[in-house]
Amino acid sequence: MKIIIEGKEIEAKEGASVLEASLEAGIYIPHLCKHPDLEAVGGCRLCSVEVDGVENPVPACKTTVQDGMSIKISTEKSDKTRKMAMELILATHPAECTGCPKYGKCELQSLYQYMGVSAERWRKKSRPVPNDSSNPLIDHLFTRCIRCGRCIRACRELRGVRVLDYQRTKDGIRVGVDGGLSLEEAGCKFCGACIEVCPTGSIMDSLGMKKEDMSYSDSVVPCRAACPAHTDVPRYIRYIKEGDFVKATAVIREKVPFPETLGNICNHVCEDNCKRNEFENPISVCKLKKAAAEGDDGSWKSKVRREAATGKKVAVIGAGPAGLTAAYFLAKKGHSVTIFEENEKAGGQCRYGIPAYRLPDDVLDREIGDILAEGIELLTNNKVENPKELLNKGYDSVLVSVGTHKGTLLPLEGNDLQGVYVNAEFLKKARQGQPLEVKEKIMILGGGNVAYDCARTALRLGAKEVHIACLENIDQITATKEEIEEGREEGIILHVAHSFLRIAGSEKVEGVELQKVDKFYFDSDRKAVIELVEGSNEIIPVDNVIFAVGQKPAGTEAMEIELTHGPYIKTNESSETSVRGIFAAGDVVTGTKSVISAIAAGRKSAEEIDKYLGGNGDISENLLEKETPDPYIGSCSGFSKIERTSIELVEADKRKCNFDIVEKTLSKEKAMCEASRCLQCDLRLNLKAPKMWNEY
Ligand code: FES
């Protein structure tokens, strides 16, 4: 139908309000209590307009269009109504805007500047209402509230949580929770919709939640931002909640080709950044990923992006997570990819640095098989000394992703005795089925997860008494709580805050001399400072010592590429080394990090190599149609108190005798239940931001 606004004829949809029709046609009408995602209530009266034939101004947001209707936005009567409405709103709002966190983005500020209205006629003093910072994640600054009710409508109608409402208090009417309960007690789901729709700075993310160096969406969805590969965590958690593990895995696979591997061993920085940490424990993201990946049916394969052959050849040296990821995405871009791997199998650190009881071979084999199925050639037992050779052999580009497979031997007296091993070799030999000999008593030196990998592997190889000693105290130790606890259950003896003085013995290891550490810290030059407790020396009798104090790349010195910090390959921002056409990625560049960091580095290098070869560098893919999630999340009493689902393990006595997987996978029901704990922080980003007057 057609209507006339300010003398201009416009098309309007049947059933639309005058406000909607006008804004749709690009004609601005001031408005405040109406939000694009919320029903109109006609409360603020800022949208007052005059309709021909109607005596008094009407709210445009509550007036339905009729064919031929003629509307005037600015008349003496409508301007007067609007101005008075704005003056009344401003009367109880703080006069000073500059201290407000929403300064410059406040709809109210924008509107009264547009209208040129001052509150002087009405203002007596601002309301003496205290702010409420007692809730996790949400701060409520009542003095800035203009009682437009958008937060209440978002909570009740849009989300169905039904926690917020108007409350009558001795200080007047304000937004709050019935019965004086806290948001948690009332069952708030902390989805943040109220924050998103608030036109002023009245409801805000708790101070400190918004990080200055982050985009808005990254601040709002910190789990996704924290994942080095930026897997869309809330999106796949939502599919798991709905029981659709196939779709969940497709979402994960859009970013990483190793969902099940990661579900077993990811260091899950997403969980460290989960907003649920503000209440108790984060969502069990890693174990949900494992459950989803095990329930996958592979239907994503039909959606994989495959571009026409480019005729370009890429060589990848090293079939670890970085190299395999890069190869996978480069192959899909149409390049011909060959991987050169010095070991007998692909997998790199996942295969040779992580024990099978944490990551079984069959999982790796399956996921590597899917990668190679993209037409990638894998040449195992094939060591490349110098990547330049491959350029000379006709490859257009080479990626070096050889990882850090050389263990570090500390310069300690006795480190050359028989029975001394280093982590990398010890773990690799065990995984290859040719374990180094372990005797009865073992000492691992180091306090990270790799120390626990060595200790728990030694137990499974037949050691009877296994010790771990590290400089760090229990609060500083880098091994995860889970590793420490699982190791303790298996009988591993942990000596925290101990320095290693020497390995005792004449030909063979006989013991390790330890001394208690009083203080261990890094000074301003990042030098380790260790203060020992005098007279606390003791010798622990052991037959083997395993160093687990770090590892570094092997063989990079012979590559004729510029190195940095010793054996690490130097790259520029485009992952390219000092030699044109030779790129590097993963631990060999950054030092030992996580598998997910290596995957992220593999993706980045694939983008850069594709650009180098003349492509557009776009490796993104959609393995699933984008669906708009249901904004109605409903109510759930005690939502914030729902406990994290614990992961079942094989009993310690049974598991420590073999290399079978230790962790049991969450059942479908348990996974769905755990996923339902997610706050769905991303949902609020689907709300439409109202356009300010200067955007029309
Ligand atoms: Fe129409 Fe508030 S926007 S009355």
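As the structure is a computational prediction, the values presented were derived from the model and not from experiment.

What counts and how
- Once a new chain begins, its residue numbering starts again from 1 and follows that chain's sequence as written.
- Reporting of local features is limited, given that this is a predicted model, to residues whose pLDDT is at least 70; pairs of side-chain atoms are given and counted only at 80 or more, and all residues count toward the totals for whole chains, interfaces and linings.
- Calculation of side-chain values draws on the structure's entire complement of heavy atoms; hydrogens and water are dropped beforehand.
- Under the scheme used here, helices are H or I runs from DSSP no shorter than 4 residues and strands are E runs no shorter than 2 residues, and both carry numbers assigned from the N terminus.
- For every residue, the accessible area (1.4 Å probe, protein chains only) is compared with the maximum for its type, and the residue is labelled buried under 20%, exposed over 50%, or partly exposed between those bounds.
- Every residue pair with non-hydrogen atoms within 4.5 Å of one another is taken to be in contact.
- Only four residue types enter the charge count, namely Lys and Arg as positive and Asp and Glu as negative; His and the chain termini do not.
- All charge positions are set by atom: Lys at NZ, Arg at CZ, Asp at CG, Glu at CD.
- Helix axes are fitted to C-alpha atoms over the stretch in contact, other axes to C-alpha atoms as well, and angles between N-to-C directions run from 0 to 180 degrees.
- When describing relative orientation, an angle under 35 degrees is termed roughly parallel and one over 145 degrees roughly antiparallel, while 65 to 115 degrees is termed roughly perpendicular and anything else oblique.
- Helix crossings get a hand from a simple test, with the near helix turned counterclockwise from the far one by less than a right angle marking a left-handed crossing and a clockwise turn marking a right-handed one.
- Residue polarity follows a fixed list, in which Ala, Val, Leu, Ile, Met, Phe, Trp, Tyr, Cys and Pro are nonpolar, Asp, Glu, Lys and Arg are charged, and the others, Gly among them, are polar.
- By convention, a stacked pair of Phe, Tyr or Trp rings (six-membered ring in the case of Trp) has centres within 6.5 Å and planes under 30 degrees apart, an edge-to-face pair has planes over 60 apart, and any other such pair is tilted.
- Placement of a charge over a ring requires the Lys NZ or Arg CZ to be within 6 Å of the ring centre, with the centre-to-atom vector within 35 degrees of the ring normal.
- When DSSP finds two or more bridges between two strands, those strands count as paired.
- Salt bridge criterion: a side-chain nitrogen from Lys or Arg within 4 Å of a carboxyl oxygen from Asp or Glu.
- Patches here are clusters of residues that have more than 30% relative accessible area and form no salt bridge, with a 9 Å joining cutoff for like charges and a 5 Å cutoff for nonpolar side chains (Val, Leu, Ile, Met, Phe, Trp, Tyr).
- Computed with the Shrake-Rupley method and a 1.4 Å probe, the accessible areas treat only the protein chains shown as cover for residues.

Engineer: Looking at this model, I keep getting lost on the overall build of the protein chain. Mind explaining?
Structural biologist: Summing up its helical and strand segments, the protein chain has 24 helices and 27 strands in all. Taking the principal axes of the C-alpha coordinates as reference, the protein chain spans close to 105 × 65 × 50 Å. Within the span of the protein chain, comprising 696 residues, buried residues form 55% of the whole. Expressed as a percentage of contacts within the protein chain between residues at least 6 apart in sequence, the contacts between residues at least 24 apart total 70%. Separation of charge centres in the protein chain, based on 95 positive and 106 negative side chains, amounts to 4 Å.

Engineer: Would you explain the packing of helix α14 (residues 321-332) against helix α22 (residues 595-612) in this entry?
Structural biologist: Angle between the axes and distance between the axes: these two values describe a pair of packed helices. Their axes nearest at 7 Å, the elements α14 and α22 cross at an angle of 40 degrees. The angle between the axes of α14 and α22 places the two elements in the oblique class. As α14 packs across α22, the resulting crossing turns out to be right-handed. For the pair α14 and α22, contact is made by Pro321, Ala322, Thr325, Ala326, Phe329 and Leu330 and by Val595, Ala598, Ile599, Gly602, Arg603, Ser605, Ala606, Ile609 and Asp610, respectively. Residues belonging to the contact of α14 with α22 are distributed by class as follows: 10 nonpolar, three polar and two charged.

Engineer: Looking at this structure, I do not really get the packing of aromatic side chains. What am I missing?
Structural biologist: As enumerated under the stated definition, the model contains 10 aromatic pairs in all. Judged by centre distance (6.5 Å) and plane angle (35 degrees), the ring pair of Tyr357 and Phe659 falls under tilted. Taken as a pair, Tyr357 in the loop between α15 (349-352) and α16 (361-372) and Phe659 in the loop between α23 (652-655) and α24 (668-675) lie far apart in primary sequence, 302 residues in all. The class of Tyr357 is buried, set by a relative accessible area of 1%. The partly exposed category is assigned to Phe659, whose relative accessible area is 28%. The cationic tip of Arg174 hangs over the ring face of Phe142; the distance from NZ or CZ to the ring centre is 4.1 Å.

Engineer: What should I look at first to understand the pairing of strand β19 (residues 498-504) in this one?
Structural biologist: Regular strands place their side chains on alternate faces of the sheet. Among the seven residues that make up β19, five are buried, leaving the element largely enclosed by the rest of the structure. With antiparallel pairing between neighbouring strands as the criterion, β19 and strand β20 (residues 511-522) make up a hairpin whose turn holds six residues, including Gly505 at a positive phi of roughly 145 degrees.

Engineer: Just checking my understanding: could you explain the pattern of salt bridges for this structure?
Structural biologist: Any two side chains of opposite charge can pair, on the condition that their charged atoms come close. The full count for this structure, using the stated rule, is 51 salt bridges. One salt bridge connects Glu663 with Lys287, and the closest N-O pair in it is separated by 2.9 Å. With Glu663 in the loop between α23 and α24 and Lys287 in helix α13 (residues 285-294), this pair connects stretches of sequence that are 376 residues apart. We note that Glu663, like Lys287, is buried. One network of salt bridges, in which partners are shared, links Arg358, Asp453, Arg456, Arg460, Glu483, Glu486, Glu489, Glu490 and Arg655.

Engineer: How should a negative patch on the surface be read in this particular structure?
Structural biologist: There is a patch of like negative charges on the surface, built from Glu20, Glu24, Glu39 and Glu157. Considering the arrangement of structural elements, one finds Glu39 in the loop between α1 (18-24) and β3 (48-51). Looking at Glu39, the relative accessible area reads 59%, which means it is exposed.

Engineer: Quick question: what am I supposed to make of the environment of Ile609 here?
Structural biologist: Tracing the sequence through the fold places Ile609 in helix α22. Owing to a relative accessible area of 0%, Ile609 belongs among the buried residues under this scheme. Measuring from C-alpha to C-alpha, the distance between Ile609 and Ile582 comes to 8.9 Å, with 27 residues separating the pair along the chain. When sequence neighbours within four positions are dropped, the list of residues in contact with Ile609 reads Val314, Leu330, Ser397, Leu399 and Phe583.

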